Amino acid sequence: MKKEIIKEFKNFALKGNMLDIAIGVIIGAAFNNVVDVLVKKVLMPPLSLLTNDINFVNKKIILRKGIEQGGEIIREEVAIAYGELITVFINFFVISCTVFIIIKVFNKLQHKAENPSDKTVKTPKDIELLTRIKILMEEQNKLLQKRNTPPKP
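What counts, and at which threshold
- Residues numbered from 1 in each chain as written.
- Predicted model: local features only at pLDDT ≥ 70, side-chain atom pairs only at ≥ 80, totals over all residues.
- Heavy atoms only, no water.
- Helix = DSSP H or I, 4+ residues; strand = E, 2+ residues; numbered from the N terminus.
- Buried < 20%, exposed > 50% of the residue type's maximum accessible area, 1.4 Å probe, protein only.
- Polar contact = N/O pair within 3.5 Å; in protein donor to acceptor, adjacent residues only side chain to side chain.
- Contact = heavy atoms within 4.5 Å.
- Patch = residues over 30% accessible without salt bridge, like charges linked within 9 Å, V, L, I, M, F, W, Y side chains within 5 Å.
- Areas by Shrake-Rupley, 256 points an atom, 1.4 Å probe, with all protein chains shown as cover.
- Salt bridge = Lys/Arg side-chain N within 4 Å of Asp/Glu carboxyl O.

Draft legend 1. Representation of the side chain of threonine 98 within the structure. Structurally, the position occupied by threonine 98 is in helix α3 (residues 82-114). Exposure remark for threonine 98: the relative accessible area of 5% places this residue in the buried category. A polar contact of 2.7 Å, which involves the side chain of threonine 98, links it to the backbone oxygen of valine 94. When near neighbours in sequence (up to four residues on either side) are disregarded, threonine 98 contacts Leu38, Val39 and Leu43.

Right, dumping it as structure tokens:
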């Protein structure tokens, strides 16, 4: 039983799955930093100018006031902190839009790179070879169709 598990783990680790996962996590963390800086340092300052620095974080509905005497809290305040929820939703929306735009740009660049007729971007070798194979197969099919077509009387 132990040998089977060790063998299975060895296959998993050596076949690249674990390495692929590790690379994905590392790239994901780096991408998270890029999005974080883009949102906080590039997009949020203009948004904050547009909204006159409205800060929702401290907005709340107080259900019961807290009591404090002599610097000591006797009774905690009970409140619904809706402002923080609004802030989180705004951040989620801004981050979602940012990631969407980044993915859209990457998809456009990838599509451009995979287009064999576009000469502005060097086509990867595998796409180039597949395109050549496709063209050769189409030519071969045309020749075979001509050969198999019976002559007209």
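Here the narrative resumes.
Draft legend 2. Focus on a nonpolar patch on the surface. A cluster of nonpolar side chains, contributed by Phe31, Val34, Phe100, Ile101, Ile103, Val105, Phe106 and Leu109, occupies part of the molecular surface with about 770 Å² of accessible area. Looking at the nonpolar patch, the elements with two or more residues in it are α2 (17-50) and α3. Among the elements that take part in the nonpolar patch, α3 stands out by supplying 6 residues, more than any other. With respect to the helices and strands, the residue isoleucine 103 is situated in helix α3.

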